[in-house]
Amino acid sequence: MASLVPPPVTPKPAEKVDYMNLPCPIPYEEIHREALMSLKPEVFEGFRFDFNKGLNQNFSLSHSVFMGPTEVPSQDPKTVIKVPTSHYEFGANFIDPKLMLIGRVLTDGRVNARLKCDLSENLTLKGNAQLTNEQHMSHGMATFDYKGRDFRSQFQLGNGTLLGASYIQSLTPHLSMGGEVFWAGQARKSGLGYAARYNNDKMVATAQVASTGMVALSYVQKLSEKVSLATDFMYNYMSRDVTASFGYDYILRQCRLRGKIDSNGCTSAYLEERLNMGLNFILSAELDHMKKDYKFGFGLTVGE
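Per an unreviewed UniProt entry, the protein chain carries the name Mitochondrial import receptor subunit TOM40-1-like and comes from Heracleum sosnowskyi. Turning to the protein chain, the UniProt record has this under Subcellular location (unreviewed entry): "Mitochondrion outer membrane".

Trainee: Looking at this structure, how should I read the overall build of the protein chain?
Mentor: A tally of regular secondary structure across the protein chain gives one helix and 19 strands. Expressed along its principal axes, the backbone C-alpha trace of the protein chain runs to roughly 85 × 50 × 45 Å. Looking at the 304 residues of the protein chain, the share that counts as buried comes to 29%. For the protein chain, long-range pairs separated by at least 24 residues make up 30% of all intrachain contacts whose partners lie at least 6 apart in sequence. Summed over all atoms, the accessible surface of the protein chain reaches about 19,500 Å², with 61% contributed by carbon and sulfur. If you average the places of the 32 positive and of the 31 negative side-chain charges in the protein chain, the two averages end up 2 Å apart.

Trainee: Can you help me understand the packing of aromatic side chains in this one?
Mentor: The geometry of two aromatic rings is summed up by the distance between their centres and the angle between their planes. Tallying each qualifying case throughout the model produces three aromatic pairs. When the ring of Phe 151 is compared with that of Tyr 167, the centres are 5.6 Å apart and the planes differ by 25°; the resulting orientation is stacked. Placement of Phe 151 in strand S8 (residues 151-158) and of Tyr 167 in strand S9 (residues 162-170) is noted, with a sequence separation of 16 residues between them. Taken together, the aromatic side chains of Tyr 146, Phe 151 and Tyr 167 make up a single cluster linked through ring pairs. Above the ring of Phe 44, the side-chain terminus of Arg 48 is found at 4.7 Å from the ring centroid.

Trainee: Explanation requested: the layout of surface pockets in the structure shown.
Mentor: Its volume calculated, the largest pocket comes out at about 630 Å³. Looking at the largest pocket, it is lined by 32 residues, and the ones nearest its centre are Leu 36, Lys 40, Ala 216, Asp 232 and Met 234. Secondary-structure elements contributing two or more residues to the lining of the largest pocket are helix H1 (33-39), strand S10 (175-184), strand S12 (203-210), strand S13 (214-222), strand S14 (227-236), strand S15 (241-251), strand S16 (255-262) and strand S17 (266-276). Counted as a void, the second largest pocket has a volume near 510 Å³. Around the second largest pocket, the lining comprises 18 residues; the ones closest to its centre are Glu 42, Arg 48, Asp 50, Tyr 270 and Thr 301. At the level of elements, strand S1 (46-54), strand S2 (59-72), S17 and strand S18 (279-288) are the ones that each hand at least two residues to the lining of the second largest pocket. Partitioned by chemical class, the residues of the lining of the second largest pocket number five nonpolar, six polar and seven charged.

Trainee: What is the right way to look at the nonpolar core in this model?
Mentor: Across soluble globular proteins, you tend to see nonpolar side chains buried next to one another. Of all hydrophobic cores here, the largest spans five residues; its members are Ala 35, Leu 39, Val 204, Val 220 and Ala 230. Apart from the residues lying within four places of it in its own chain, the contact partners of Ala 35 are Ser 218, Val 220 and Ala 230.

Trainee: What is the right way to read the pairing of strand S7 (residues 139-147) from this model?
Mentor: Alignment of strand S6 (residues 123-131) against S7, held across eight bridges, turns out to be antiparallel. Each residue of the ladder has a partner; that of Gly 127, found in S7, is Ala 142. Taken together, S7 and the strand that follows it, S8, pair antiparallel across an intervening segment of three residues.

Trainee: Explain the pairing of S6 here, please?
Mentor: Two faces, one strand: in a regular strand the side chains alternate between the faces of the sheet. As paired strands, strand S5 (residues 111-118) and S6 are joined by eight bridges and run antiparallel to one another. Residue pairing for S6: Asn 112 is matched across the bridge by Gln 130.

Trainee: Whenever I open this one, the pattern of salt bridges confuses me. Can you help?
Mentor: Two side chains with opposite charge may pair up if their charged atoms get near one another. Applying the stated criterion to the full structure yields 13 salt bridges. Where Glu 34 meets Arg 33, a salt bridge forms, and the shortest distance between an N and an O atom there is 3.7 Å. Across the pair Arg 48 and Asp 50 runs a salt bridge, and its minimum N-O distance is 3.3 Å. When sorted by exposure, Arg 48 lands in the same class as Asp 50, which is buried.

Rules and cut-offs
- Residues numbered from 1 in each chain as written.
- Predicted model: local features only at pLDDT ≥ 70, side-chain atom pairs only at ≥ 80, totals over all residues.
- Heavy atoms only, no water.
- UniProt positions renumbered as here; feature names shortened; annotations may be inferred.
- Helix = DSSP H or I, 4+ residues; strand = E, 2+ residues; numbered from the N terminus.
- Buried < 20%, exposed > 50% of the residue type's maximum accessible area, 1.4 Å probe, protein only.
- Contact = heavy atoms within 4.5 Å.
- Areas by Shrake-Rupley, 256 points an atom, 1.4 Å probe, with all protein chains shown as cover.
- Lys, Arg positive; Asp, Glu negative; His and termini not counted.
- Charge placed at Lys NZ, Arg CZ, Asp CG, Glu CD.
- Phe/Tyr/Trp six-rings, centres within 6.5 Å; stacked < 30°, edge-to-face > 60°.
- Lys NZ or Arg CZ within 6 Å of the ring centre and 35° of its normal.
- 1 Å grid on protein atoms, 1.4 Å probe; cavity = no way out; pocket = protein on both sides within 12 Å on 5 of 7 lines; lining within 4 Å.
- Points joined across faces, edges and corners; volume = space filled by probe spheres on them.
- Nonpolar A, V, L, I, M, F, W, Y, C, P; charged D, E, K, R; others polar.
- Core = buried A, V, L, I, M, F, W, Y, C linked by side-chain atoms within 4.5 Å.
- Pairing = 2+ DSSP bridges.
- Salt bridge = Lys/Arg side-chain N within 4 Å of Asp/Glu carboxyl O.

Right, dumping it as structure tokens:
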């Protein structure tokens, strides 16, 4: 009879947290990045062809051709007006361990540029700019990102007297909280925001509130290394707009499938299939039942 009695269960000792050695959190502006991977696929309409050619270890060129309609604003938000367009884009990339330069030139006259430079081990300078032929449509922004031992802070400076600052701090190995402040001098608007993020090996949960009226909640569940589910809830307490969406991200051996459906009746999916080494086939689809707008796109990507 004594052999049938199970041995007593010894409780596991509680894991001690070293609050003097907490991990560095991700930047404040990227707290929703896992949810955005599933809920914001790069849907497009028409045909797209991308060709990437590496010239050496650090320098590469890219060529992109797009043919498809472009939406133009209309007085009725439920009415979609599309104009057939096409453009060619030439790009140059320089990537070094401490310096990244990316430039794009389009046939309509737009020039896009991005910069990332590590000024020191903890301080990084990021910049992006867009130049256009349209008056007052060009813009640029510089961001200084300081990475501390268990915190991260950013300072942003943009044209139009745009100033912004954010700070995020790790409180436990899995929980981080922070806030932001911005001032747009040209529009004479200012705002505050607060955010919290909890993550572990299986899930990521975030919450963000801003004085502009926006409340954003997101949750990502990692079912396995290749499958994750995501959902978010967006609420603007000034305009009373509410949107909820559910998405998925599924990585197969030769392809990656992402998609979502939201409370406005919009369903989208994005498939990237690897046909061969350096050759990818892309399918994109979106159905907006409220606006009666249907998009379908396909493309090819050659080169890594």
